[in-house]
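Each chain, written out:
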Amino acid sequence: MEFVLNDYHRNISDDDLIEDVKRVAEKLGTQKLSSTDYKKFGKYGINTFNRHFGGWNKTLELCGLEPSIYQVSASKSSHNHQSVNTEELIADIQRVAEELGAQTISSGDYMKYGSYSKDTCLRRFSTWNEALVASGLTPYEKVAGKRLNDEDLLIEIERMWIALGRQPTTTDIVNGLSEYSLNTFTRHFGGWRGALKSFVEWINSEKSDHIIPEKSTKPKSVPRKLNKPHEEKHEAIKHKTSREISLRLRFLVMKRDNFKCCICGRSPAKDPSVELHIDHIIPWSKGGETTFDNLRTLCSKCNLGKSDFTE
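The rules we used
Residues numbered from 1 in each chain as written. Predicted model: local features only at pLDDT ≥ 70, side-chain atom pairs only at ≥ 80, totals over all residues. Heavy atoms only, no water. Helix = DSSP H or I, 4+ residues; strand = E, 2+ residues; numbered from the N terminus. Buried < 20%, exposed > 50% of the residue type's maximum accessible area, 1.4 Å probe, protein only. Contact = heavy atoms within 4.5 Å. Areas by Shrake-Rupley, 256 points an atom, 1.4 Å probe, with all protein chains shown as cover. Salt bridge = Lys/Arg side-chain N within 4 Å of Asp/Glu carboxyl O. pLDDT = per-residue confidence, 0-100. Core = buried A, V, L, I, M, F, W, Y, C linked by side-chain atoms within 4.5 Å. Disulfide = S-S within 2.5 Å. Polar contact = N/O pair within 3.5 Å; in protein donor to acceptor, adjacent residues only side chain to side chain. Pairing = 2+ DSSP bridges. Phe/Tyr/Trp six-rings, centres within 6.5 Å; stacked < 30°, edge-to-face > 60°. Lys NZ or Arg CZ within 6 Å of the ring centre and 35° of its normal.

K.L.:
Hey, could you run me through the overall build of the protein in this one?
P.N.:
When its secondary structure is counted, the protein shows 16 helices and 2 strands. The buried share of the protein, reckoned over its 311 residues, is 42%. Across the protein, contacts joining residues at least 24 apart in sequence account for 61% of those joining residues at least 6 apart. Total accessible area on the protein is roughly 18400 Å²; 49% of this is exposed by carbon and sulfur atoms.

K.L.:
What exactly am I supposed to notice about the pattern of salt bridges here?
P.N.:
Close approach of charged atoms lets side chains of opposite charge pair. Under the definition given, this model contains 9 salt bridges. Note that arginine 23 is salt-bridged to aspartate 20, the shortest N-O span being 2.9 Å. Taken together, the residues arginine 23 and aspartate 20, both in helix 1 (residues 14-28) and 3 residues apart, mark about one turn of the helix. Assessed through its relative accessible area of 33%, arginine 23 is described here as partly exposed. Notably, a salt bridge pairs arginine 166 with aspartate 172, separated by 2.9 Å at the nearest N-O pair.

K.L.:
Could you clarify how one ought to interpret the confidence of the model for the protein in this entry?
P.N.:
Keep in mind that low pLDDT regions are not for reading the predicted coordinates in detail. Taken over all residues, the pLDDT of the protein has a mean of 76, while the share at 70 or more is 77%. Confidence scores differ between elements of the protein, with helix 6 (residues 78-83) showing the lowest mean pLDDT of 47 and strand 2 (residues 295-299) the highest of 91. The low-confidence segment residues 142-146 (pLDDT under 50) makes 9 contacts with residues lying over four places distant or belonging to another chain. A low-confidence stretch, residues 207-234 stays under pLDDT 50, and its non-local contacts, those more than four residues away or across chains, total 26 contacts.

K.L.:
I keep staring at the nonpolar core and nothing clicks. Help me out?
P.N.:
A general tendency of soluble globular proteins is for nonpolar side chains to be buried together. Of all hydrophobic cores here, the largest spans 35 residues; its most connected members are Ile157, Trp161, Phe185, Trp192, Phe199, Phe251 and Phe259. Sorting elements by how many residues they give to this core places helix 11 (residues 150-164) first, with 7 residues. Here phenylalanine 259 is in contact with Trp161, Ile162, Gly165, Phe251, Met254, Arg266, Ser267, Pro268 and Leu276, once residues within four sequence places are set aside. The next biggest cluster of nonpolar side chains, apart from the first, holds 18 residues, and it includes Ile93, Tyr113, Tyr116 and Phe125.

K.L.:
Could you clarify how one ought to interpret unusual backbone geometry in this entry?
P.N.:
One can expect most non-glycine residues to show negative phi and most peptide bonds to be in trans. The phi dihedral of asparagine 258 falls on the positive side, at around 60°, and the residue is not glycine. With respect to the helices and strands, asparagine 258 occurs in the loop between helix 15 (247-256) and strand 1 (276-280). Although it is not a glycine, phenylalanine 259 adopts a positive phi angle of roughly 55°. Locating phenylalanine 259 in the fold gives a position in the loop between helix 15 and strand 1.

K.L.:
For this particular structure, what's the right way to read the pairing of strand 2?
P.N.:
In summary, the side chains of a regular strand alternate between the two faces of the sheet. Burial analysis of strand 2 places 5 of its 5 residues in the buried class, the great majority of the element. Side chains Leu295, Thr297 and Cys299 project from strand 2 onto one buried face, and the interleaved Arg296 and Leu298 project onto a second face that is buried too.

K.L.:
Is there a simple way to think about helix 13 (residues 182-189) in this case?
P.N.:
The α-helix advances 3.6 residues per turn, and as a result positions three or four apart in sequence lie on the same side. Looking only at helix 13, the buried set comprises Leu182, Asn183, Thr184, Phe185 and Phe189. Tucked inside the fold, the buried residues of helix 13 contact helix 7 (86-100), helix 8 (107-113), helix 11, helix 12 (170-174) and helix 14 (192-203). Just downstream of helix 13, glycine 190 is the residue with a positive phi angle, here 85°.

K.L.:
Explain the state of the cysteines here, please?
P.N.:
Two cysteines whose sulfur atoms are joined by a covalent bond form what is called a disulfide. Enumeration over the complete set of coordinates arrives at 0 disulfides. Left without a disulfide partner, cysteine 264 is nearest to the cysteine sulfur of cysteine 261, which lies 3.7 Å away.

K.L.:
Where do I start with the environment of threonine 127 in this structure?
P.N.:
As for its position among the elements, threonine 127 is in the loop between helix 9 (118-125) and helix 10 (128-134). Residue threonine 127 is classed as partly exposed on the basis of its relative accessible area, which comes to 35%. Within the local environment of threonine 127, its side chain forms a polar contact with the backbone nitrogen of glutamate 130, the two atoms lying 3.1 Å apart.

K.L.:
How do you make sense of the pairing of strand 1 when you look at a structure like this?
P.N.:
The buried fraction of strand 1 amounts to 5 of the 5 residues, a majority that puts the element mostly inside the structure. Residue alternation in strand 1 divides its side chains into two sets, Leu276, Ile278 and His280 and His277 and Asp279, and both sets are buried. Relative to strand 2, strand 1 runs antiparallel, the two sharing 5 bridges. Note on strand 2: the bridge partner recorded for histidine 277 is leucine 298.

K.L.:
Could you clarify how one ought to interpret the environment of serine 300 in this entry?
P.N.:
Turning to its location among the elements, serine 300 is positioned in helix 16 (residues 300-305). Between the C-alpha atoms of serine 300 and histidine 277, which are 23 residues apart in sequence, the distance is 6.1 Å.

K.L.:
Just to check I follow, could you spell out the packing of aromatic side chains for this structure?
P.N.:
Aromatic ring pairs are reported here in terms of the distance separating the ring centres and the angle at which the planes meet. Taken as a whole and assessed by the stated rule, the structure comprises 11 aromatic pairs. A ring pair is formed by tyrosine 38 and tryptophan 56, whose centres lie 5.5 Å apart and whose planes are at 45°; its orientation type is tilted. Placement of tyrosine 38 in helix 2 (residues 35-41) and of tryptophan 56 in helix 4 (residues 56-62) is noted, with a sequence separation of 18 residues between them. Aromatic pair phenylalanine 49 and tryptophan 56: ring centres 5.4 Å apart, planes at 90°, arrangement edge-to-face. Take tryptophan 56: its relative accessible area is 4%, and that puts it in the buried class. What links up through ring pairs into an aromatic cluster is the set Trp161, Phe199, Trp202, Phe251 and Phe259. Residue placement shows arginine 256 over the ring face of phenylalanine 292; its charged tip is 4.6 Å from the ring centre.

So, in structure tokens, the structure goes:
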């Protein structure tokens, strides 16, 4: 089964980006367009502007709009940096984290996109992590992204995709759906788009030796003792496959079924409360195998509401 990404904005020109910023500013009737407001009404991601123009304020200048007072002060005398108050520093750290779509940022990230110097922050907060905590962000050294391997992150993308019933976005990650920050995916794959491309290659791979079997949540079956004389002892069924379903097989079955319940048609894409399960069409207890053709997608209600004797 071929698995492909959604359409993507490719070869965006500088003029396209500038025109869209002007459009949003005109719509909102402002000459001081924040990156937060643009994210609500714009077509492109903030990181796209950072890559094209070197930052949001550079973008505003090219659009003939007024840059933020925080970035303006960064280019002026050190007096402005010394007189900046704690609230302004915190607001600027939060702004950079928001523009990068991250729950934490390194001091290097801040030096690249922030309005004030790293030394200004350290004089105020002693350590960079104290500055992050004061800003409501995650301390940087606690981020395990560098100790993760690529497969851990690909499995996380698979989990999010199944939970959403659609391709996850950077907004989903910023909103806390992912266990890992957007920066973690960026460090491993060069960006969120790179992470999605790697996931597509991984999930479409013919190899299966790197796929971890999904842990079963059901207790192991225990042979039932024969207590009544009329009960017959049935010979145990010999299976060719394991009852456990690999992550890759689980995902491909859901993809084939459009991430919808095969009985009621419900999907997490339309109802976030829907939880999808994988069901054996011919029950395992009756000799059904764990194969692509014998598996189907059911929501938790339909799956728990059936039995080996009904569906």
